[in-house]
Amino acid sequence: MKNPVSFLRTVGLLEAVSFLVLLGIAMPLKYVWGMPLPVRVVGSIHGGLFVLFCFALWRVMMNTSWPFSRAALVFVASLIPFAPFFIDRRMRAWAEEAPAGEA
């Protein structure tokens, strides 16, 4: 993807799904049924995706004219379950603002 905002959107949605799987499936498996392995596996995947998300957000900040407040909003939304799905519509519009050649 040449547009860094489009890449950020993709990674953000993947990270959001991994967060929901961690909270909604892996954690109950650990604390209700005594199966800790899913938390280790899904937690590792989620952690890697979160680091990639932070890198992608940094890349957007360096290559576009996003204000700090916009980047902070996207970062805080990544910490709240379901919030990335709501902010994705705004990010789609922000992706169209950034020229495709920026990277």
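Just so we're clear, the structure is a prediction, and the values are computed from it rather than from any experiment.

J.: Would you mind showing me how to read the overall build of the protein chain here?
T.: Check the secondary structure of the protein chain and you find four helices and zero strands. Mapped in sequence order, the helices and strands of the protein chain form the string α-α-α-α. When the backbone C-alpha atoms are referred to their principal axes, the protein chain occupies close to 50 × 20 × 20 Å. The buried share of the protein chain, reckoned over its 103 residues, is 36%. Look at the contacts in the protein chain between residues 6 or more apart in sequence, and 68% of them connect residues 24 or more apart. Carbon and sulfur atoms form 71% of the exposed surface of the protein chain, whose accessible area is close to 6200 Å². Computing the positive centroid from 9 side-chain charges and the negative centroid from 5, the protein chain places the two 8 Å apart.

J.: In this structure, what is going on with the side chain of Glu-15? I would like to understand it.
T.: Along the chain, Glu-15 falls in helix H1 (residues 4-31). Every residue in contact with Glu-15, bar those within four places of it in the chain, is listed here: His-46, Leu-49, Phe-50 and Ser-78.

J.: Could you clarify how one ought to interpret the nonpolar core in this entry?
T.: Of all hydrophobic cores here, the largest spans 16 residues; its most connected members are Leu-8, Phe-53, Leu-57, Trp-66, Val-74 and Met-91. Only H1, helix H2 (37-63), helix H3 (68-79) and helix H4 (83-97) provide two or more residues apiece to this core. The biggest single contributor to this core is H4, with five residues. Excluding residues within four positions of it along the chain, Trp-66 makes contact with Val-5, Leu-8, Leu-57, Val-60, Met-61, Ala-71, Val-74 and Trp-94.

J.: Explain empty space enclosed by the protein here, please?
T.: Here the idea is plain: a probe the size of a water molecule rolls over the atoms and shows the empty space left. The final tally for this structure, using the stated rule, is one cavity of 30 Å³ or more. Its volume calculated, the largest cavity comes out at about 80 Å³. Lining the largest cavity are 13 residues, with Gly-12, Phe-53, Pro-84, Ile-87 and Met-91 sitting closest to its centre. For the lining of the largest cavity, the secondary structure elements donating two or more residues are H1, H3 and H4. With five residues, H1 is the single largest residue contributor to the lining of the largest cavity. Among the residues forming the lining of the largest cavity, the class breakdown is eight nonpolar, two polar and three charged.

J.: Can you walk me through the pattern of salt bridges in this structure?
T.: Taken as a whole and assessed by the stated rule, the structure comprises two salt bridges. Taking the shortest distance from any N to any O, the salt bridge between Arg-9 and Asp-88 comes out at 2.9 Å. Of the two residues, Arg-9 is situated in helix H1 and Asp-88 in helix H4; the sequence distance between them amounts to 79 residues. Take Arg-9 and Asp-88: they sit in the same class, and that class is buried. Assessed through its relative accessible area of 8%, Asp-88 is described here as buried. Here the salt bridges share partners, and the residues they tie into one network are Arg-9, Asp-88 and Arg-92.

About the cut-offs
Here, residues in each chain are numbered from 1, in the same order as that chain's written sequence. A pLDDT threshold of at least 70 governs which residues receive local features in this predicted model, and a stricter bar of 80 or more applies before side-chain atom pairs are shown or counted, although totals over entire chains, interfaces and linings include all residues. Excluding hydrogens and water, the side-chain values take into account all heavy atoms of the structure. Strands are runs of DSSP state E lasting at least 2 residues, helices are runs of H or I lasting at least 4, and numbering of each runs from the N terminus. Working definition: with a 1.4 Å probe on protein chains only, accessible area under 20% of the residue-type maximum means buried, over 50% means exposed, and in between means partly exposed. Two residues form a contact once any of their heavy atoms are found within 4.5 Å. The accessible surface values rely on the Shrake-Rupley method and a 1.4 Å probe; as for residues, cover is taken only from the protein chains in view. For the purpose of counting charges, residues Lys and Arg are taken to be positive, whereas Asp and Glu are taken to be negative. His and the chain ends are not included. Charge positions are represented by NZ for Lys, CZ for Arg, CG for Asp and CD for Glu. To define a nonpolar core, start from buried Ala, Val, Leu, Ile, Met, Phe, Trp, Tyr and Cys residues and group those joined through side-chain atoms within 4.5 Å. Cavity means a closed set of points on a 1 Å grid over the protein atoms alone, one where a 1.4 Å probe fits but cannot get out, pocket means an open set with protein on both sides within 12 Å along at least 5 of 7 lines, and lining means a residue has an atom within 4 Å of a point. Grid points are joined across faces, edges and corners, and a volume is the space filled by probe spheres set on the points. Residues were grouped as follows: Ala, Val, Leu, Ile, Met, Phe, Trp, Tyr, Cys and Pro as nonpolar; Asp, Glu, Lys and Arg as charged; and all remaining residues, including Gly, as polar. Whenever a carboxyl oxygen of Asp or Glu lies within 4 Å of a side-chain nitrogen of Lys or Arg, that contact is scored as a salt bridge.

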